Structure formats: C-alpha cells, structure tokens
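# A look at the structure
Residues per chain are reported as follows:
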Amino acid sequence: MILKNNLKEFRNKKNLTQDDLGKCVGVSRQTIISIERYRYKPSLELAMKISKELNVKIEKLFYFD
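I will try to describe carefully the structure that is included in this document. Since the structure is predicted, the reported quantities are computational estimates derived from the model, not experimental observations. (Residues numbered from 1 in each chain as written. Predicted model: local features only at pLDDT ≥ 70, side-chain atom pairs only at ≥ 80, totals over all residues. Heavy atoms only, no water.)

## So, the packing of helix α2 (residues 18–25) against helix α4 (residues 44–54)
Which entries qualify depends on this criterion: Simply put, an axis is a line fit to the C-alpha atoms, just over the touching stretch for a helix, and the angle between two N-to-C directions goes from 0 to 180 degrees. Helix and strand assignments come from DSSP, with helices taken as H or I runs of at least 4 residues and strands as E runs of at least 2, each series counted from the N terminus. Should the near helix be turned anticlockwise from the far one by less than a right angle, the crossing is left-handed, and should it be turned clockwise, the crossing is right-handed. Contact between two residues is taken to exist if any of their heavy atoms lie within 4.5 Å; hydrogens are not considered. Classification convention: Asp, Glu, Lys, Arg as charged; Ala, Val, Leu, Ile, Met, Phe, Trp, Tyr, Cys, Pro as nonpolar; all other residues, Gly among them, as polar.
Interaxial distance between α2 and α4 falls to 10 Å at its minimum, and their mutual angle equals 115°. Both α2 and α4 take part in a crossing whose hand is right-handed. Across the interface between the two elements, Leu-21, Cys-24 and Val-25 from α2 touch Leu-46, Lys-49, Ile-50, Glu-53 and Leu-54 from α4. In the contact of α2 with α4, the residues fall into 6 nonpolar, no polar and 2 charged.

## Digging into the pattern of salt bridges
Rules: By salt bridge we mean one thing: a side-chain nitrogen of Lys or Arg within 4 Å of a carboxyl oxygen of Asp or Glu. Partly exposed residues are those whose accessible area sits between 20% and 50% of the maximum for their type, while under 20% is buried and over 50% is exposed, using a 1.4 Å probe and protein chains only.
Applying the stated rule across the entire model yields 5 salt bridges. A salt bridge links Arg-11 to Glu-36, with the shortest nitrogen-to-oxygen separation between them at 2.6 Å. With Arg-11 in helix α1 (residues 7–13) and Glu-36 in helix α3 (residues 29–36), the pair connects residues that are 25 residues apart, well separated along the chain. Taking relative accessible area as the criterion, Glu-36 reaches 12% and is therefore assigned buried. Its salt-bridge partner being Lys-23, residue Asp-19 comes within 3.2 Å of it at the nearest N-O pair. A residue pair is termed a helical-turn pair when its members lie 3 or 4 positions apart in one helix, as Asp-19 and Lys-23 do in helix α2 at 4 residues. Here Lys-23 falls in the exposed class, since its relative accessible area comes to 63%.

Okay, structure coming up:
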C-alpha cells in the first residue's frame, strides 16, 4: 500500500502557497513539495498539523491506495 494525499487540492482551496503552508506548520516549502509528490511521508504530528491548518479530517487528507 502506498500513502497518498490530497494535500495540493485542499491547499489550493484555501489559497495557500506551499511556502505559506510550510510556515504555518513549521516546515520548509521543500517539505510540502515532497509530501505532495509522494517523496516524503510526514510524521503523524506533521500530518495532524497540516490537517488542522487546512481544516480537513486527516483521513480525507491522507489515505492508503
């Protein structure tokens, strides 16, 4: 199973850049890029921060395919 996400979709709905979201959750823009491209799997803590910032349930944001 591969961990996938809808991060880019929900980030765009909130009109946030990758840099904006990264600053809000305490990571770099490159980290957000890597998550969106499935190159980096976020820790549970980071995933929860992102879901809270985007106001999306974590299971809608991240899922296994």
